[in-house]
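Summary of the model geometry
The residues making up each chain are set out below.
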Amino acid sequence: MSTLNRRLTPTERRRLVALGVRAGKSNRAIAKELGVDEGTVRRDRKYRATPENQRPVKKERPKKQKKAVPAFDPTSSASLDLQVQRMHKAVKRWTVEEGLFLPNIEYVIDEAGKQLHFQRQLIPNFPIPIMKPAEVLQASRPQEMGEEYLATKLPFYALWLARWLACSLPGMDAMWSEFLRDMSIWARAQ
């Protein structure tokens, strides 16, 4: 056996311990060669000596629930800027995936702005999202309209965009308008 520079899996280590035992080496010598503790070699020898049907079975431990962390901090301008950048990226990808072109994008942005403005009192005060903007986009999708004709789908896209903005930047009316203006400028530049 030689000194190993990489970490061994338990199966590999136990196999090498068995080879060392067959060669008549002491636990200390095997441990030194493998770069592990002598107690580890003792446990591996005991494991190998135990019949397979009596060996302990590795149980799956339940994973700890991750703490729900907001996607951004509305009091931090750097955090809010990062959220808006992520949102721009998500909407740009969304428009491409949905096959929207400049006139369609302008219509959708305009209608979404109208819905956000005129139905402001009907929009619930959502909590700060814990998902990324692209995930919120999928979660805020309204029920699909049956028609496949694009002109009838444009109001659907406008509703979708309005819901997404309300969920992604909850209660930030000024940010909604600014975001829609930026998206309109981006669409015209394409």
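Our structure is the block above this text.
This write-up is about the structure you can find in this document. Everything numeric in this text was worked out from a predicted model, so none of it was measured.

1. A few points about the overall build of the chain
- A count of helices and strands for the chain gives 8 helices and 0 strands.
- Its helices and strands taken in sequence order, the chain reads α-α-α-α-α-α-α-α from the N to the C terminus.
- Since a compact globule built from 190 residues should have a radius of gyration of about 16 Å, the 30 Å found for the chain marks it as more spread out than a globular shape.
- In terms of overall dimensions, the chain has C-alpha extents of about 85 × 40 × 35 Å along its principal axes.
- Taking all 190 residues of the chain together, 33% fall into the buried category.
- Sequence separation of 24 or more characterises 66% of the internal contacts of the chain that already satisfy a separation of 6 or more.
- Accessible area of the chain: about 13200 Å², with a carbon and sulfur share of 53%.
- Taking the average location of the 34 positive side-chain charges in the chain and that of its 21 negative ones, the two points are 16 Å from each other.

2. What about the packing of helix α2 (residues 27-34) against helix α3 (residues 38-49)?
- Between α2 and α3, whose axes approach to 8 Å, the crossing angle comes to 110°. When the axes of α2 and α3 are compared, the pair comes out roughly perpendicular. Once α2 is placed against α3, the crossing between them reads as right-handed. Within the contact between the two elements, α2 uses Asn27, Arg28, Ile30 and Ala31 and α3 uses Glu38, Val41, Arg42 and Arg45.
- Residues of the contact of α2 with α3, tallied by class, amount to 3 nonpolar, 1 polar and 4 charged.

3. Thoughts on the nonpolar core
- Counting residues in hydrophobic clusters, the biggest one holds 35 residues, and the most contacted among them are Trp94, Tyr157, Leu161, Trp164, Leu165, Leu169 and Phe179.
- Among the elements of the structure, α4 (77-97), α5 (102-118), α6 (133-139), α7 (150-168) and α8 (173-189) are those that each provide at least two residues to this core.
- Here the element with the most residues in this core is α7; it accounts for 11 residues.
- Residues contacting Leu169, with those up to four places away along its chain left out, are Phe72, Leu80, Gln83, Met87, Met175 and Trp176.
- Of all hydrophobic cores here, the second largest spans 7 residues; its members include Leu8, Leu16, Ile30 and Leu34.

4. Quick look at the packing of aromatic side chains
- Tallied over the entire structure, the rule returns 6 aromatic pairs.
- Residues Tyr157 and Trp160 carry aromatic rings whose centres are separated by 6.4 Å and whose planes lie at 20° to one another, so their mutual orientation is stacked. Of the two residues, Tyr157 and Trp160 both sit in helix α7, 3 residues apart, roughly one turn of that helix. This pair shows no difference in class: Tyr157 is buried, exactly as Trp160 is.
- One aromatic cluster in this structure is built from Trp94, Phe156, Tyr157 and Trp160.
- Over the aromatic face of Tyr47 sits the side chain of Arg14, whose NZ or CZ is 3.8 Å from the ring centroid.

5. A few points about the side chain of His88
- Note that His88 resides in helix α4.
- Judged by relative accessible area, which is 15%, His88 ranks as buried.
- Contact partners of His88, with chain neighbours within four places excluded, come to Phe179, Asp182 and Met183.

About the cut-offs
Residues numbered from 1 in each chain as written. Predicted model: local features only at pLDDT ≥ 70, side-chain atom pairs only at ≥ 80, totals over all residues. Heavy atoms only, no water. Helix = DSSP H or I, 4+ residues; strand = E, 2+ residues; numbered from the N terminus. Rg over C-alpha atoms; globule rule 2.2 N^0.38 Å. Buried < 20%, exposed > 50% of the residue type's maximum accessible area, 1.4 Å probe, protein only. Contact = heavy atoms within 4.5 Å. Areas by Shrake-Rupley, 256 points an atom, 1.4 Å probe, with all protein chains shown as cover. Lys, Arg positive; Asp, Glu negative; His and termini not counted. Charge placed at Lys NZ, Arg CZ, Asp CG, Glu CD. Axes fitted to C-alpha atoms, helices over the stretch in contact; angles between N-to-C directions. Parallel < 35°, antiparallel > 145°, perpendicular 65-115°, else oblique. Left-handed = near helix turned anticlockwise from the far one by under 90°. Nonpolar A, V, L, I, M, F, W, Y, C, P; charged D, E, K, R; others polar. Core = buried A, V, L, I, M, F, W, Y, C linked by side-chain atoms within 4.5 Å. Phe/Tyr/Trp six-rings, centres within 6.5 Å; stacked < 30°, edge-to-face > 60°. Lys NZ or Arg CZ within 6 Å of the ring centre and 35° of its normal.

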